[in-house]
Amino acid sequence: MLLTDRSDEILEEAKRAVRHSLRAQMLQQGGGKREGSDAIMARIATSTQLEVLSDADFVIENVTEKWEIKKTIYPVIDRVCPERTVFAANTSAISITRLASLTKRPERVLGMHFMNPVPMKKTVEMIRGYHTAEQTIATAKQLLQGFGKEAVVVADAPGFVSNRVLMLTINEAAFLVQDRVAAPEDVDKIFRECFGHTMGPLATADLIGLDTILYSIEVLYDSFNDDKYRPCPLLKKMVDAGLHGRKNGKGFFNY
């Protein structure tokens, strides 16, 4: 397995997160031997250079949820990777068809939207772009089966299914806090205890990252040109203030 990112520091942090997740998962399964996670970690190679993907069969792209950043990646990996390579975009809202248009292999590009926390989620939202081939879908499903996951295949539309609904819910929950209708803990308590949700919308936003939430809502707003997707000013202010949720310790809640 090859893991690439912008710096060695980011890669080291990613490896620490993977190691922690592996050990927690093994303990839950009753097989908490350290050597098990160490053996898996030994199979993960890291690099800051995309050229290491020159023999990759399958690439999962997971860069920041901004078109201006994502659009720079696909022409590079399209040049570096062999013709057989499948590209899967882990995106919350950006069009798979638009991403595929940046390559010479649009039939081998699809979306694979992993939900947080990824190790605990059995199902992945898989998005079929306009040109995505059936064989590409089959290959991606086979890969997911190796992870112990399954896919629900949906069409390519802004936000797909999950975030077209979820981002509206989170955005409206932020408006409730902004308008002083309820405190964050009370908003989430209603969703947990009245609707049976494991997490409330604001804790979910903190888990995903408020910056990622804002980027996704902005994509929906730009894509549909509909005021119902207008980002909550409080959410924008929090992101500007660097309150990104769990990733840096403070969002709607403190961590």
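Everything numeric in this text was worked out from a predicted model, so none of it was measured.

A. Inspection of the sheet that holds strand β5 (residues 109-113) at higher detail. The mixed open sheet is built from five strands, whose spatial order is β3-β4-β5-β6-β7. Edge positions in the sheet fall to β3 (58-61) and β7 (150-155), since each of these pairs with one other strand and no more. Within the sheet, the average angular offset between the axes of one strand and its neighbour, ignoring direction, is 30 degrees. Bridge count between strand β4 (residues 86-89) and β5: three bridges; the pairing is parallel. Bridge assignment links Phe87 to a residue of β5, and that residue is Val109.

B. Representation of the environment of Trp67 in the model. Among the secondary structure elements, Trp67 is positioned in helix α3 (residues 67-80). Along the backbone, Trp67 and Pro233 are 166 residues apart, and their C-alpha atoms lie at a distance of 22 Å. Beyond its immediate sequence surroundings of up to four residues, Trp67 is in contact with Ile94, Arg98, Leu99 and Leu102.

C. Expanded view of the packing of helix α6 (residues 162-178) against helix α10 (residues 233-240). At a minimum axis distance of 8 Å, the contact between α6 and α10 shows a crossing angle of 90 degrees. Taken together, the axes of α6 and α10 are roughly perpendicular relative to one another. Contacts from Asn171, Ala174, Phe175, Val177 and Gln178 of α6 reach α10 at Pro233, Leu234 and Leu235. A per-class count over the contact of α6 with α10 returns six nonpolar, two polar and no charged.

D. Layout of the pairing of β3. Examined bridge by bridge, β3 and β4 share four bridges and lie parallel to one another. Directly across from Ile60, in β4, lies its bridge partner Ala88. Handedness of the β-α-β unit built from β3, α3 and β4 comes out right-handed.

E. Representation of the pattern of salt bridges within the structure. Evaluation of the coordinates by the stated rule reveals nine salt bridges. A salt bridge links Asp78 to Arg105; its shortest N-O distance comes to 2.7 Å. With Asp78 in helix α3 and Arg105 in the loop between α4 (96-100) and β5, this residue pair connects regions lying 27 residues apart in the sequence. Each member of the pair Asp78 and Arg105 is classed as buried. Between Arg128 and Glu134 there is a salt bridge, with the nearest N and O atoms lying 2.7 Å from each other. Its relative accessible area of 54% is what places Glu134 among the exposed residues. Connected through salt bridges with shared partners, the residues Asp55, Asp57 and Arg84 form a single ionic network.

F. Structural detail: the side chain of His244. As for its position among the elements, His244 is in the segment after α10. His244 has contacts with Asp206, Gly209, Leu210, Asp211, Val239 and Lys250, leaving out every residue within four places of it along the chain.

G. Quick peek at the packing of aromatic side chains. All told, the structure shown has three aromatic pairs when counted by the stated rule. Judged by centre distance (6.3 Å) and plane angle (70 degrees), the rings of Tyr74 and Phe87 are edge-to-face. In this pair, Tyr74 is assigned in helix α3 and Phe87 in strand β4, connecting sequence segments 13 residues apart. Using a relative accessible area of 0% as the deciding quantity, one classes Tyr74 as buried. Measuring from ring centre to ring centre gives 5.1 Å for Phe224 and Tyr229, while their planes differ by 20 degrees; the resulting arrangement is stacked. With a relative accessible area of 28%, Phe224 lands in the partly exposed category. The buried category is assigned to Tyr229, whose relative accessible area is 3%. Positioned above the aromatic ring of Trp67 is the side chain of Arg98, whose terminal nitrogen or guanidinium carbon lies 3.8 Å from the ring centre.

Cut-offs and rules
Chains are numbered independently. Their residues run from 1 in the order of the written sequence. The model is predicted, so local features are restricted to residues of pLDDT at least 70 and side-chain atom pairs to those at 80 or more, both for listing and for counting; the totals for chains, interfaces and linings are taken over all residues. Each side-chain value is worked out from all heavy atoms of the structure, with water and hydrogens disregarded. By this definition, two strands are paired if DSSP reports at least two bridges between them. Put simply, DSSP marks the helices as runs of H or I at least four residues long and the strands as runs of E at least two long, and each gets a number from the N terminus on. Axes here mean lines fitted to C-alpha atoms, for a helix over just the part in contact, with angles spanning 0 to 180 degrees between N-to-C directions. In this analysis, two residues are considered to be in contact whenever any of their non-hydrogen atoms come within 4.5 Å of each other. Oblique is the label for any angle not covered by the other classes, which are roughly parallel (under 35 degrees), roughly antiparallel (over 145) and roughly perpendicular (65 to 115). Residue classes follow a fixed rule: Ala, Val, Leu, Ile, Met, Phe, Trp, Tyr, Cys and Pro count as nonpolar, while Asp, Glu, Lys and Arg count as charged, and any other residue, Gly among them, counts as polar. If the strands point away from the viewer and the path from the first strand over the helix to the second runs clockwise, then the crossover is right-handed. The salt bridge definition used is simple: a Lys or Arg side-chain nitrogen within 4 Å of an Asp or Glu carboxyl oxygen. Only protein chains enter the accessibility calculation, which uses a 1.4 Å probe. A residue is then buried if its area is under 20% of the maximum for its type, exposed if over 50%, and partly exposed in between. Classification of ring pairs uses Phe, Tyr and Trp, with its six-membered ring standing for Trp, and accepts pairs whose centres are within 6.5 Å; under 30 degrees between planes counts as stacked, over 60 as edge-to-face, and the remaining range as tilted. Distance and angle both matter: a charge sits over a ring if NZ of Lys or CZ of Arg is within 6 Å of the ring centre and within 35 degrees of the ring normal.

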